[in-house]
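# Summary of the model geometry
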Amino acid sequence: MNIDRRAQRPDTGDLAGRLARLARVTTLLADVDDVGAVAEVVVTQGAAAAGATVAWLTLREGEDRCRLVGLQGGRDGDEERWATYPLSMRAPGSDAIRTGRRVVVAGEAEIERCYPELAAAGLGALSVVGLPLTVGSRTTGALGLTFGDARSLESTELELLEILADTCAQALQRIAAQQAAADRGARLAFLADASNELASSLDHETTLSNVARLAVPTFADWCAIDVVDDGRLRRLAVAHVDPAKVQLAHDLAARYPPDPDAPGGVWDVVRTGRSQLIPQLTDAMLVAGAIDEQHLRIVRDLHLRSVVIVPLVARERVLGVMTWVLAESERLFTVADLAFAEDVAKRGAVAIDNAELHSQTLAMAVQLQHAVLPEALPDVPGWELAGHYSPAGRTEVGGDLYDAVPLGDGRLVLFVGDVMGRGVAAAAAMAQMRAAVRAYTAIDPTPRTVVANLDRMYAQYPTDQLVTLVYLV
């Protein structure tokens, strides 16, 4: 968060006055409802109340990083320089987070010895305090203050500063709990919408494209879905709030396709069937993955920060991958986000698998039906024959049959039938019925004889399928 950092003259009034002002700042935290507001209260008003020249609020990010969320005072460029830094770094904030204990250092020489980088920053600090933000057994951040005099803080003042830090930690925990509840609600709503979308059609390409758009920007800044198609990855969908960036993603995928042999990334997820979480993309990672200088420049300009890649798996087969990326929102994915993305991917994989099964069944039934229906009616002297077949229903495959059989004496057999039902079973029964009619016609084409033989066949080989037939000679 960027806070107005114009240096304020610290209020170095009497101890009683500072304590009263700090107490008032503490009470303000009861009403704040987001992290930015907490930083504003603690850093800006807290610094003025304590008489500090510089104040900062740092939160723990993951297991090994710290992130600056508020800064008052200091020099130009400090916000960028301290935006994130390793938890292992020697600094008042990281020391307080790592140890869970307050840090108090007074005197220029002592600051130089303990925190040379802070001394080199030229802040004119003669006293520095780092206060851990602790709730329960976990320290989630730190509040830091520097003073322009070698102040020996009274125990009462230190206690009140610690109360301020504790209240700040509790406010942040309350906000995090509220946000977590809102996130759970949003995820449940998203899963409901995604499930409805995926169940609405057997056109998995359209439905998955819609699911990708549903994910942006609530859960990701980018969402891409790739499917395995004949040993290659085919980009099925890309979603971003900016249409120009969607086209850029398609262009990048075409110009710089992912390396199938790379040790990480989408192809590795396809090969292994295991998800990948990259909580924070570093510039070194971008350099390692770039194909050329232009590629590196483009991905740097996109400000990619965090990535989740999950497989689309159905019946132990990887059908593709779904990739979520965080960029301009400046958030980072967590293990909980990974589990949620995997849940979405499972539903998407089922949709793809169902669509493929439907397509395969439909293709098989169509081939079967076309194989047994006459490609062309016979050329019979004295007769003009024409046929038209137009299937109805969703599957376009049924048990309809027709044929024309010349008898050789100028007569002609015509029949049209319908086997109850649709799909492969009806088409197969239709093939059997057509073959039987032709066989019985070859023996004796008399309608009564053909129909009687068909009845005996059904009595000998019972079936639940009803057949209606018009037979003409």
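What comes next is a walk through the structure. (Residues numbered from 1 in each chain as written. Predicted model: local features only at pLDDT ≥ 70, side-chain atom pairs only at ≥ 80, totals over all residues. Heavy atoms only, no water.)

## Quick look at the overall build of the chain
The number of helices and strands found in the chain is 15 helices and 14 strands. The proportion of buried residues among the 473 residues of the chain is 42%. Partitioning the intrachain contacts of the chain with sequence separation of at least 6 by distance along the chain shows that 62% fall at a separation of at least 24. When the accessible area of the chain is evaluated, it comes to approximately 24600 Å², of which 53% is carbon and sulfur surface. (Helix = DSSP H or I, 4+ residues; strand = E, 2+ residues; numbered from the N terminus. Buried < 20%, exposed > 50% of the residue type's maximum accessible area, 1.4 Å probe, protein only. Contact = heavy atoms within 4.5 Å. Areas by Shrake-Rupley, 256 points an atom, 1.4 Å probe, with all protein chains shown as cover.)

## Brief notes about a nonpolar patch on the surface
A cluster of nonpolar side chains, contributed by Leu-414, Val-416, Val-470 and Leu-472, occupies part of the molecular surface with about 330 Å² of accessible area. Looking at the nonpolar patch, the elements that each hand over two or more residues are β13 (412-422) and β14 (467-472). In this structure, Val-416 sits in strand β13. You can call Val-416 exposed: its relative accessible area is 52%. (Patch = residues over 30% accessible without salt bridge, like charges linked within 9 Å, V, L, I, M, F, W, Y side chains within 5 Å. Salt bridge = Lys/Arg side-chain N within 4 Å of Asp/Glu carboxyl O.)

## Quick notes on the packing of aromatic side chains
In the structure shown here, the tally under the stated rule is four aromatic pairs. Pairing Phe-219 with Trp-324 gives two aromatic rings, centres 6.2 Å apart and planes at 15°, and the pair type is stacked. Here the residue Phe-219 occupies a position in the loop between α8 (204-215) and β7 (222-229), and Trp-324 occupies one in strand β11 (residues 317-326), the gap between them amounting to 105 residues. Clustering of aromatic rings is evident, with ring pairs tying together Phe-219, Trp-324 and Phe-340. (Phe/Tyr/Trp six-rings, centres within 6.5 Å; stacked < 30°, edge-to-face > 60°.)

## Quick look at the sheet that holds strand β1 (residues 54-61)
Ordered by their spatial adjacency, six strands build an open sheet running β3-β2-β1-β6-β5-β4, and the pairing between neighbours is antiparallel. At either margin of the open sheet sits one strand with a lone partner, and together these are β3 (84-86) and β4 (103-106). Taken pair by pair, the neighbouring strands of this sheet meet at an average axis angle of 20°, ignoring direction. As paired elements, strand β2 (residues 65-72) and β3 share three bridges and run antiparallel to each other. Along β3, the bridge assignment pairs Arg-65 with Pro-86. Packing of helix α4 (residues 92-99) onto the sheet brings it into contact with β1, β2, β3, β4, β5 (127-135) and β6 (138-147), and relative to β6 it is tilted by some 150°. (Pairing = 2+ DSSP bridges. Axes fitted to C-alpha atoms, helices over the stretch in contact; angles between N-to-C directions.)

## With respect to the environment of Gly-264
Mapped onto the elements, Gly-264 comes out in the loop between α9 (243-255) and α10 (266-272). Residues Gly-264 and Gln-276, twelve residues apart in the sequence, show an inter-C-alpha distance of 8.2 Å.

## Description of the environment of Asp-33
With respect to the secondary-structure elements, Asp-33 resides in the loop between α1 (15-28) and α2 (35-50). Distance from Asp-33 to Ile-175, taken between C-alpha atoms, is 6.1 Å for residues 142 residues apart in sequence.

## A look at the sheet that holds strand β9 (residues 276-278)
Two orientations exist for strands paired in a sheet by backbone hydrogen bonds: parallel and antiparallel. A sheet is described by the order of its strands in space; here five strands give the open sequence β8-β7-β11-β10-β9, paired in antiparallel fashion. Two strands in the sheet have a free side with no partner beyond their single neighbour: β8 (232-239) and β9. Recorded for the sheet is a direction-independent mean angle of 20° between the axes of neighbouring strands. Here strand β10 (residues 306-314) pairs with β11 via nine bridges, running antiparallel. Bridge pairing in β11 links Pro-311 to Val-321. Of the strands in this sheet, β7, β8 and β11 touch α8, which is tilted by about 50° from β8. Along the sheet, α9 makes contact with β7 and β8, crossing β8 at roughly 170°.

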